[in-house]
Structure formats: C-alpha cells, structure tokens
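# Topology and contacts: notes
Next come the chains, spelled out residue by residue.
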Amino acid sequence: MSLTDSCEPKVQPTGPSTIQKIIKTVFLVSIWTCIGLCIEIAGPTLKDLKLRVDLDYEEVSRAVSGRSVGYFIGSAMGGLLVDRLDPYCDLMLAACLDMMGTTTIVLPFSQSIGLMWFLFVMQGTFEGILNIVGQKLVLEIWREKASSPLFILHFGFGIGSFIVPQIANPFLAVPKTTASQNTSNISTPNISTVLPVSTKAFINDSLITEYLQESRIEWAYLIVAIITIGLSAVFYYYQFCGKWSRNTKVNYSKKNSYIPPTIREIFDPATCANGNRLFGVHILGLLFLFFFNAVGGERVYGKFIRSFAIDYSKFDGDEASLINSSFWISFAIGRFAGFIAARWIPIRIILLIEGTGALVSAILLNVFADDSSVMLWILTQPMAFFIAPCFPSGVGWADFHVHLSGLGITFLLLGGALGGVCYMWIIGHFYENDGPLSFFYVMQAYGILMCVLVLIMHFFTWGKGHRFQNEEKGVVETVDMEEEKFSVKQT
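On to the overall build of the protein chain, then. Each helix and strand in the protein chain was counted, giving 20 helices and 3 strands. The buried share of the protein chain, taken over its 491 residues, is 52%. If you take every contact in the protein chain between residues at least 6 apart in sequence, the share linking residues at least 24 apart comes to 85%. Here the protein chain has roughly 21300 Å² of accessible surface; of this, 65% comes from carbon and sulfur atoms.

Looking now at the pattern of salt bridges. A complete count under the given rule lists 6 salt bridges for this structure. Its salt-bridge partner being Asp 90, residue Lys 24 comes within 3.2 Å of it at the nearest N-O pair. Of this pair, Lys 24 sits in helix α2 (residues 18-40) while Asp 90 sits in helix α6 (residues 89-106), and the two are 66 residues apart along the sequence. Take Lys 24 and Asp 90: they sit in the same class, and that class is buried. Between Arg 67 and Glu 127 there is a salt bridge whose closest N-O contact spans 2.6 Å. Note that Arg 67 is positioned in helix α5 (residues 66-84) and Glu 127 in helix α7 (residues 113-142), a separation of 60 residues in sequence. The same class applies to Arg 67 as to Glu 127, namely buried. Each of the salt bridges in this network shares a partner with another, and the network as a whole consists of Glu 40, Arg 67, Glu 127 and Lys 303.

Let us look at the packing of helix α13 (residues 277-311) against helix α14 (residues 317-341). One can describe the packing of α13 onto α14 by two numbers: an axis separation of 7 Å at closest approach and a directional angle of 155°. By the criterion of interaxial angle, the relationship of α13 to α14 is roughly antiparallel. Here α13 runs over α14; the crossing is right-handed. Contacts from Glu 298, Tyr 301, Gly 302, Ile 305, Arg 306, Ala 309 and Ile 310 in α13 reach Gly 317, Ala 320, Ser 321, Ile 323, Asn 324, Phe 327, Trp 328, Phe 331 and Arg 335 in α14. Residue composition of the contact of α13 with α14, grouped by class: 9 nonpolar, 4 polar and 3 charged.

This next bit is on the nonpolar core. Ranked by internal contacts, the top residues of the largest apolar core, which has 123 residues, are Ile 31, Phe 235, Phe 290, Tyr 301, Leu 376 and Phe 439. Counting residues per element, this core draws most heavily on α13, which supplies 16 residues. Residue contacts for Phe 235: discarding those within four places in its chain leaves Lys 24, Phe 27, Leu 28, Ile 31, Asp 90, Leu 93, Ala 94 and Leu 97.

Structurally, the α-helix is built with 3.6 residues per turn, so residues lying three or four positions apart point the same way. Of the positions making up helix α3 (residues 46-53), those classed as buried are Leu 46, Asp 48, Leu 49, Leu 51 and Val 53. Backbone geometry just after α3 places Asp 54 at a positive phi near 60°.

Scoring rules and cut-offs
Position numbers for residues count from 1 along each chain, tracking the sequence in the order it is written. Predicted model: local features are reported for residues with pLDDT of at least 70 only, side-chain atom pairs are reported and counted for 80 or more only, and whole-chain, interface and lining totals are derived from all residues. Neither water nor hydrogens contribute to the side-chain values; these are computed over all heavy atoms in the structure. A run of DSSP states H or I qualifies as a helix once it reaches four residues; a run of E qualifies as a strand once it reaches two. Both are numbered from the N-terminal end. Each residue is placed in one exposure class: buried if its accessible area under a 1.4 Å probe, protein chains only, is under 20% of its type's maximum, exposed if it is over 50%, and partly exposed if it falls in between. The contact criterion used throughout is that any non-hydrogen atoms of two residues lie within 4.5 Å. Only the protein chains shown count as cover for residues, and the accessible areas themselves come from Shrake-Rupley with a 1.4 Å probe. Salt bridges are counted wherever a side-chain nitrogen of Lys or Arg sits within 4 Å of a carboxyl oxygen of Asp or Glu. Angles here are taken between N-to-C directions and fall from 0 to 180 degrees, while the axes themselves are lines fitted to C-alpha atoms, restricted in helices to the stretch in contact. Our angle categories are set so that under 35 degrees counts as roughly parallel, over 145 as roughly antiparallel, 65 to 115 as roughly perpendicular, and the remainder as oblique. Take the far helix as the reference: if the near one is turned anticlockwise from it by less than a right angle, the crossing is left-handed, and if turned clockwise, right-handed. Ten residue types, Ala, Val, Leu, Ile, Met, Phe, Trp, Tyr, Cys and Pro, are classed as nonpolar, four, Asp, Glu, Lys and Arg, as charged, and the remainder, Gly among them, as polar. As used here, the term nonpolar core means buried Ala, Val, Leu, Ile, Met, Phe, Trp, Tyr and Cys residues forming a set that is joined through side-chain atoms within 4.5 Å.

Worth remembering: the numbers are spatial, not functional.
Take a look at the structure:
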C-alpha cells in the first residue's frame, strides 16, 4: 500500500443543511402528534370501551395496560433494529405508522377483553419502535444541540393528545339519568346483551343510566387512523427518493457502505459511556427508574382524569371532555416551555424544576381538589405542565452524559413501558375497589418518587462534564496520534 493510499480520506455522506434539518424535524414532530392521537384516544373513549365490552374499571385498565406491554416489546425490538439497520430508519417509521393506523381502526370493534388487550399490545409495539427510531434521528441530526429539538419533538405528542378528545367527543355515548320507578320493567340479568346501546341501562342503587345517543367511537378511531397512515407517505419518500437521510456518525468504507456495530458493542454499557462501563451502568440504572415513574404517572393522569371528573366530581360528559383537553393543552404548553427553557437553562436544572413542580402539584390536588371541582380544573393545569417535559428531559439528560445508541434508548423506554403497566394495574385496582379518590393518592406517590429520583440523578453527576467534551478530547487525541504516526512513517 502506498503512502497516498494510506492517507486517502474516507468518503463520508453529505450532511444536511439547516433547512433540511428543520423540515425533517417538523415531520418527526408530526409522528409524535399521530402517536398522541392514536394512543390517547383511549382516555376520552374509556367509558365507551367499558360499555361495549361490559367490563369494570379494573378490567378495562388491564386491557389498556396492554399498550405498555407492547411498548416494552417495541422498545426491545427498536433498539436492535436501529443499531443493525441504521440506513433504513425512514422505512421503519413509515411501516410502523401504517401498522399503528390499521390497529387503531380495528380496536373499537373488539368485543372481548382478550382481543382488546392484544390490539393495545400491537399499538404499543409500533409506538415503541417509532419512539426509538424518531429520537435516534433527532439526536443524530442535531447532536450537542439536541435538547431543544427533543422537547419540540415530544411537544407533538401533547398536540395530538389535546386534539383527540375533541375528535372523539361528538361520537361518544350520551347518558340520561331517569328515576328508579322505571326499573320495574327492566330485567336485570344479561341487561347488556338484551338492550341496544342507545337504550342500555345500568342499575346503580336507585338510578338508571340510559344512553340516548349510541356510541359511534369507531368513526373517531377511523379519523385518527387516516391521519396517521397519510403521514407515512412522507417517510417512504425520504427512504426511497430523498437525497439525504441525516448527518449520522457511523462507520463508512471507501465505497460508502454502512458497517453495523457488533453485538458486543450494542449491548456493552461502556459503548454508551466512552469506555467507562461502571458509569454507564449507574446512569442507565437511574434512567430506568426515572422513566418507570415518569411514564407511569403520565399514563394514569391522562387516562383517568375524564373518568374521575365524571365519577367523583360529577361533571357531565362535555365538561369532562373539556378538562381532559385542558390537561393535554397544558401538557403541550409544558413541553413547548421546555423547548424554550432548554436553550438557556441546563438540562439538570430543568429536571429539578420538573420534579419539584410535580410533587407540589400532587400535594395541592390532594389538599384542595377532593371537594372542589373548580380547584380540580385549576390544579390539573400545573400537574400537566410539570409532567409533560419529564420524558424529553430524561432523554436530554441521558444524552448529555452518555452516548445513546439505539439499545440505550431501548433501555430507557423499557423502564417507561414497565412503569406504564404497573401504574395502570395499580390505579385500576384501587379505583375499582377503593373508589375514585385513590386517583389522587396514586398521583401523590408519583410526585414523591419523581422528586426523589431527580435529586439522586442531580447529585450523582455533580461536577462531571458532558459527553461532547469527552468526545472532542478523544478526537483531538486520536488526530494527534495519527499525525505522529504519519510523521514517523514519512521520516
């Protein structure tokens, strides 16, 4: 080999311009909007799903928790897919959007708890893969400037979540309360199979609830699915027709072919922590617990606030849908506020603010909102505001300290998936057996754990630099060594 060949630079892919980065990020934000639409439609339609399959709250919560089981599966698959099939990320996004939309269409037609649970599992699986692939693209596109784009990415979820109650509301069953004397003509056994939805009645002490408007939630699910499937065309275009995919930091040979990492490199925590295996294990362990709690609390409030408002605070259906939407509006505002704050405030300080805010909001809800519908309206907003940025803040904090590979992001999402399952089972059990007020108690436990975890994360990394400084030092040292070798060879 000649000296010229040995010094020939490797061919690297052309990086995207700033405009291209922004456009791609906007479409990635749209994916999170579709995730919000598909996933959070279960919240405002929870009562209708319960009515259709004739379940109680504990059973329907277990069915909805299938989403977190699927999220666990999708997260495990997504990390390996990203690390081994990096050039096909856009294709993975498009295919998962199509499959999530298809599952959403079928879900309201399920007539058994088993089928409903399976469909939520499938929905969660595609969500997990989308989450990993989308966040990996944002981290690779923006690198050390990724904190703000991460917040705006998850801001899309808030947009979809506060829109979807209004999409669903015109198609929900409309109840009517009648006097108990009308119960004499109704046979109680097998009542759910004898009466159509529009006249279905349930005896509760001295009252019967009749549904004047039949549940038509399949149309709301169809609208959401069409939006989701339509977005997939953009990512098919990026995969097969786009001139660039992203500014990715991967190994290329002279022929510009992708060289995937080895299995050992994928699974080794030292790969994420610049060779420091023990530090990588500690950081990933803390993040697992953080996402377990953050995702679990978010699922509980988003799924049960409408049911709680009706069952405990005696809201009518429209007002309950409005408070559900107001939660997601404040949720979206919280994520957009994180996007602005991340440009000037260190991510470690943002996490402390979020943890403290979630704890204080939970305390105030328990003290003031248990006997006041006005305070429930008011205090739902700060709770949503401080819950919202926890997920992107956790990813930003992780990327600040370690390099998040596809499997690294998987590990974080696995914690979130397990937290979603556990929290939904817990709230379903206590809500059904101990009454709606247990909703506040579960949120109080969430607030305490959130505050404790962010304090531990803050002090564990106190005084340590960020990974981009270490990477830059590593690059300089490598260049110096190469120059020294070149000089010796030339001499």
